[in-house]
Each structure stands twice: as structure tokens, then as C-alpha cells.
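# Per-entry structural report
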2 protein chains.
Amino acid sequence: MGKELNAIPDIIISRLPVYYQHLKNLQSSSKEYVSSEELADLTGFSSSLIRKDLSYFGTFGRKSYGYDIYCLFQQINIIMGFNYKKKLIIIGAGHLGQALAYNKGYNERGYQLISIFDKNPKLIDLVINDIEIQSVSNLERFLENNKVDVAALTVPGAAAQKITDRLVAAGIKAIWDFTEVPLKVPEDIFLEEQLINEGLCKLSLKMNQKRLNQDGTTEDLSCGQK
Amino acid sequence: MGKELNAIPDIIISRLPVYYQHLKNLQSSSKEYVSSEELADLTGFSSSLIRKDLSYFGTFGRKSYGYDIYCLFQQINIIMGFNYKKKLIIIGAGHLGQALAYNKGYNERGYQLISIFDKNPKLIDLVINDIEIQSVSNLERFLENNKVDVAALTVPGAAAQKITDRLVAAGIKAIWDFTEVPLKVPEDIFLEEQLINEGLCKLSLKMNQKRLNQDGTTEDLSCGQK
DNA sequence: TTAATATTGTTAAAAAAATAACATAACCTA
DNA sequence: TAGGTTATGTTATTTTTTTAACAATATTAA
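Rules of the game
Residues numbered from 1 in each chain as written. Chains lettered and ligands numbered in written order. Predicted model: local features only at pLDDT ≥ 70, side-chain atom pairs only at ≥ 80, totals over all residues. Heavy atoms only, no water. Helix = DSSP H or I, 4+ residues; strand = E, 2+ residues; numbered from the N terminus. Rg over C-alpha atoms; globule rule 2.2 N^0.38 Å. Buried < 20%, exposed > 50% of the residue type's maximum accessible area, 1.4 Å probe, protein only. Contact = heavy atoms within 4.5 Å. Areas by Shrake-Rupley, 256 points an atom, 1.4 Å probe, with all protein chains shown as cover. Lys, Arg positive; Asp, Glu negative; His and termini not counted. Charge placed at Lys NZ, Arg CZ, Asp CG, Glu CD. Salt bridge = Lys/Arg side-chain N within 4 Å of Asp/Glu carboxyl O. Near = heavy atom within 4 Å. Polar contact = N/O pair within 3.5 Å; in protein donor to acceptor, adjacent residues only side chain to side chain. Nonpolar A, V, L, I, M, F, W, Y, C, P; charged D, E, K, R; others polar. Domains from an automatic or database assignment. UniProt positions renumbered as here; feature names shortened; annotations may be inferred. Pairing = 2+ DSSP bridges. Axes fitted to C-alpha atoms, helices over the stretch in contact; angles between N-to-C directions.

## Points about the overall build of chain A
Scanning chain A from terminus to terminus reveals eight helices and 10 strands. For chain A, the C-alpha radius of gyration of 22 Å lies well beyond 17 Å, the compact-globule estimate for 226 residues. Principal axes of the C-alpha set define a box for chain A whose edges measure 60 × 60 × 35 Å. Taken over 226 residues, chain A has a buried fraction of 50%. In chain A, once contacts between residues fewer than 6 apart in sequence are set aside, the share between residues at least 24 apart is 57%. Here chain A displays about 11,300 Å² of accessible surface, and carbon together with sulfur accounts for 51% of that area. Side chains of chain A give 26 positive and 27 negative charges; the mean places of these two sets differ by 1 Å.

Structure, rendered in C-alpha cells:
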């Protein structure tokens, strides 16, 4: 595989969802234009960086006005491919899977949630946000009859690799993974790890750093070396 | 404010949760040592980068063996401050808030979930994973009587800023934010945005890139410029 | 005991990313 | 219409990050 010729740098990709979010919020304001300076205030990125990021995709701004909020939002939507319709299923109807079923973010990003699967007989036929939970034993049959683009994986860690293998065998090309175990997938499968506890990790680290700085302690942790 | 003198570079911080996760998973393997090359296979980072990251904190490896898995895991725990106990509350007992109440990741990271708050009278007194939901009108009183380190915010966007202001006024120093609206907080508050749909955004973009590459289309999106 | 092997920690080099600077152009006011 | 202002898009510079290379050292095998 390897990168495509005109692959967008990962670092820019990582900022696009942030631009998207703020432009979406700006839609409901009365403003028509937004400057790179204002976007800098909102996002925390420098205005220079924002102009550079946007210029990677084209020329969107208007001199002495800034960026047309609606137009730029539409462009970001196109860049991210939100104008293309994609079908999503959820595997694992536990607490997290059910919460994802109620997530309001799908439609605006071009996703449609079409089914939820679980192993637990008690959950099967239960209707969550208008979607019926079905037995995971139907998975292959369902995927044969429905073109599914992305599978969200919210099963217990122990089941994750097996389900993944089944998904891949059935032709799924993109997995949104909430299990915290390392999954093996072929190189042409898009695997996006959603580390749900990442924010908590960072907060713990920052609070720890603050504490260390206040104590004045500068510990070296070295160990192991003989 | 500004960065502290010995602040860990953000780019390294962003990789620590990944190291943590893989080292945790390695605990349950029979292996005792892991090399930077093996960690590279697991994480997708280069072995050189991994050695460099770890050397930022100290000297952990053993020549010709690699890293003692247990020891390194402990060190990462210390770096991230997981050995310090932190108290967590959840504001907003909707589907996501309830799912977070069942999250199993707290204890291993030093967090203890001690309460859940909601406005909806129908939810109050409901017990979720042994934690009773209480009225958000008790928030200030509760925070006076309990030293809370982090508040997870899963309220509707419209309520987010108001609740945030109350949390800050009551002395909360760290917020784990799941609302997708921009929050204003004083500079000394740690605010961690958990964009729940980030993975979906990236998957959409990658599938779109793949499609564009296959089509051979190299569109320039420019607009707006007069 | 010696030679071959493995893997670290670190230095040097290369690549990527961010910032700063500014020429350019559009807008506004008088 | 002229002069001042604003904010882009881009170039040049600086900084950060990554990769590559390798000396040092522990281990293993002969």
C-alpha cells in the first residue's frame, strides 16, 4: 500500500475535524465571515497555521474580510467527504454501543446507521433509537445484502479479533474501533482507534506535571539498565 | 501561564496513551521483555522514535534484551500520574453519560467515579453501576464537601457553557468535555476535548481520498476569492 | 575465552511543521 | 480618488520532529 501521491499530511487531517466543528458552530451565529485570527482564538492554532492549512486545499478567503463561513464549511465538508453517503453498523450493543446508537453526529457527516448486532439473546430484537438489534450470527448474511462502509466495534476485548476477522472476510473496508486491544487487519483496511480514555490520560498527566512543577521535583525515572 | 520549563512535548504526550495501552495488553502475555522493534510493530511508530520517546524520561532498557514489560508499564503509569488518586464526576446522565458510568478504564488510571448529576427529575435517584444520579442543583454543595479533580461533561451543547461556569466557580480544575461546542474557561483550567466523532471524520476523509485517487481527479476547490 | 549477535541510548542528518514576515489586493473613509 | 486599513496567500526562516546511523554493551554460541 503506502501513502498516495497527494495524501493530505496527517497533521492537517488531525486539525480538520476541529475546523469542521467550529465552522459548524459558527453557522448558527449571525456572522457571515470569519478571519484566520478569529479562528485562531477559537481553535488555539495560530492564524498563520490556519491560513497555511486552508491554502493546502485551495483559495477560500476574501482579502480584508476573511473566510465566508458558509462557503468554507461546505468546502470542509467536501474535503472530508461528508457529501458522500456511507452506511454504518455497530457491533456490540453494550452500554457504549447503545450510546453510539443515539449519537447525533452521523447524518451531518454523511453516515447512516443501519443496524446493530449483539451476541446476547436478551438484547436481540430490542429497538434502540429506531434500530433493531439483531444477532451477530446474521452478520455475514446482512453484509452480503447490504453495502456497509464502516463497522463500529464496541464488543469486549476478548471477542474483538474474531469479529474483526469476520468483518474483513465479509468485505468491510473501514473499522471504527472502541475496543482497547490491538487488532490485526490487512493493510488495505482503514482502522481508526478511538481511545475513549485518551482525554483522561492526558488530564492525569497534566495534573501530575503541575504537581511536579510545584514541588520542584525533577525526578529521573531510570531503571532496568544493568 | 504558558508552558512549564520541563513540559513534555505535546507530540510525546499524544503517544503515551498508546504505549500505555500496548504495555497493558502485553502484561497478560507470557513475554517478559519487549524490544523497540516489537513495539514499533504494535504501535506503528518507528523503533527509533520509540527509543527516543522513552529516553526522554530516563533509561529503561536492557541492551540486547529490550524493555522489561512490567517495569516499563509501571514507569509509564508513574509518568502519567496514574499512581495518584483522582476523583471524577459526570455531569449529564444521558446515553453517553450513562455509558461513561460503566467505563472500566477509571481504576487502572487512578480515577474514581464518585457521582453523576442530571437535570431531568426522571433520572434522579436512578442508580447506574452503583452510582446514584443526583440533581445538578446539588452540584455546588457536593463540590464543597468533596474534593473533585475532574468533571466529565456530557450535557447538551446548549447547557455546556453555563455548567462549565458553575464548575469553574466551584473550583474544578480539569474538564473532560464531550459536548461539541467551544467552551470558554480561564487559562489555568485543563480542558480536554473528546471529539467522539473524530474517528468517523477521519474514516470518511480517508475513504474519500481513496476514491479521488482511483478517479484520478485532482480537484482544486478554490472559491470565494474575488 | 572469543567472536557473533542483538538491542539499547544517543548523536548527527534529514524532513516536516510552525512561525514570522510581507507583498498583494480588497475594502473603507473622507 | 487617494490614503489608510485589513486580512489573505505565500515565501523565507526557524523550530520541531523524525529518521538514520552507530558506538557501546550485554548476551549467546562456539
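Still more ground to cover, so stick around.
## A closer look at the pattern of salt bridges
All names here are of chain A. Taken as a whole, this structure holds 20 salt bridges over all chains when the rule is applied. Between D149 and K147 there is a salt bridge, and its shortest N-O distance comes to 2.6 Å. Judged by its relative accessible area of 14%, D149 falls in the buried class. You can call K147 exposed: its relative accessible area is 59%. Taking the shortest distance from any N to any O, the salt bridge between E198 and K202 comes out at 3.6 Å. In this pair, E198 and K202 are both assigned in helix 8 (residues 198-215), four residues apart and thus about one turn of the helix distant. Residue classification places E198 among the partly exposed residues on the basis of a relative accessible area of 25%.

## Comments concerning the protein's contact with DNA strand D
The environment of DNA strand D is made up of 27 residues, and the closest members are S36, G61, K63 and Y67 of chain A together with R62 of chain B. Put simply, 60% of the atoms of DNA strand D that lie within 4 Å of the protein are in sugar or phosphate. A distance of 2.7 Å separates a phosphate oxygen of DNA strand D from a polar atom in the side chain of S36 of chain A. At 3.3 Å, a side-chain N or O of Y65 of chain B approaches a phosphate oxygen of DNA strand D. Every element with two or more residues in the surface near DNA strand D is listed here: helix 3 (47-57) and strand 3 (66-68) of chain A together with helix 1 (10-27) and helix 3 (47-57) of chain B. In terms of residue count, helix 3 of chain B provides more of the surface near DNA strand D than any other element does, four residues in total. Grouping the amino acids of the surface near DNA strand D by side-chain chemistry returns seven nonpolar, 11 polar and nine charged.

## Some remarks on the domain arrangement of chain A
Per the domain assignment, the segments making up chain A are domain 1 (10-80) and domain 2 (86-197). Its C-alpha centre places domain 1 of chain A at a distance of 32 Å from the equivalent point of domain 2 of chain A.

## Some details on the UniProt feature "binding site: NAD(+)" (unreviewed entry) in chain A
All names here are of chain A. Within this numbering scheme, the UniProt entry marks G92, A93, G94, H95, L96 and G97 as carrying the feature "binding site: NAD(+)" (unreviewed entry). If you trace the backbone, G92 turns up in the loop between strand 4 (86-91) and helix 5 (95-101). For G92, the contacting residues outside a window of four places in its chain are G97, F117, D118, T154 and V155. Along the chain, A93 turns up in the loop between strand 4 and helix 5. What makes A93 buried here is its relative accessible area of 1%. Those residues within four positions of A93 in sequence are excluded, and the remaining contacts are Q98, I116, F117, D118, L123 and I133.

## Comments concerning the sheet that holds strand 6 (residues 127-128) of chain A
Residues and elements named next belong to chain A. Across the sheet, which stays open at both edges, the seven strands sit in the order 6-7-5-4-8-9-10 with mixed pairing between neighbours. Every other strand in the sheet has two partners, leaving strand 6 and strand 10 (190-193) as the edge strands with one partner each. Sheet topology note: the strand 9 (residues 174-177)/strand 10 ladder contains four bridges and is parallel. Counterpart to W176 in the pairing with strand 10 is E192. Running over the sheet, helix 7 (residues 157-169) touches strand 4, strand 8 (150-153) and strand 9 and is turned about 170 degrees from strand 8.

## Focus on the protein's contact with DNA strand C
Taken together, 27 residues sit near DNA strand C, with R62 of chain A together with S36, G61, K63 and Y67 of chain B positioned nearest. What you see for DNA strand C is that sugar and phosphate hold 61% of its atoms within 4 Å of the protein. R15 of chain A places a polar side-chain atom, nitrogen or oxygen, 3.0 Å from a phosphate oxygen of DNA strand C. G61 of chain B places a polar main-chain atom, nitrogen or oxygen, 2.7 Å from a phosphate oxygen of DNA strand C. Of all the secondary-structure elements, those providing two or more residues to the surface near DNA strand C are helix 1 (10-27) and helix 3 of chain A together with helix 3 and strand 3 (66-68) of chain B. With four residues, helix 3 of chain A is the largest single contributor of residues to the surface near DNA strand C.

## A short note on the side chain of D118 of chain B
Residue and element names in this part refer to chain B. Here D118 shows up in strand 5 (residues 111-118). Buried charge without a salt bridge: D118, with K119 as the nearest opposite-charge side chain at an N-O distance of 7.7 Å. Within the local environment of D118, its side chain forms a polar contact with the backbone nitrogen of N120, the two atoms lying 2.7 Å apart. Beyond its immediate chain neighbours, meaning those up to four positions away, D118 contacts G92, A93, G94, L123, I124, I133, Q134, S135 and V136.

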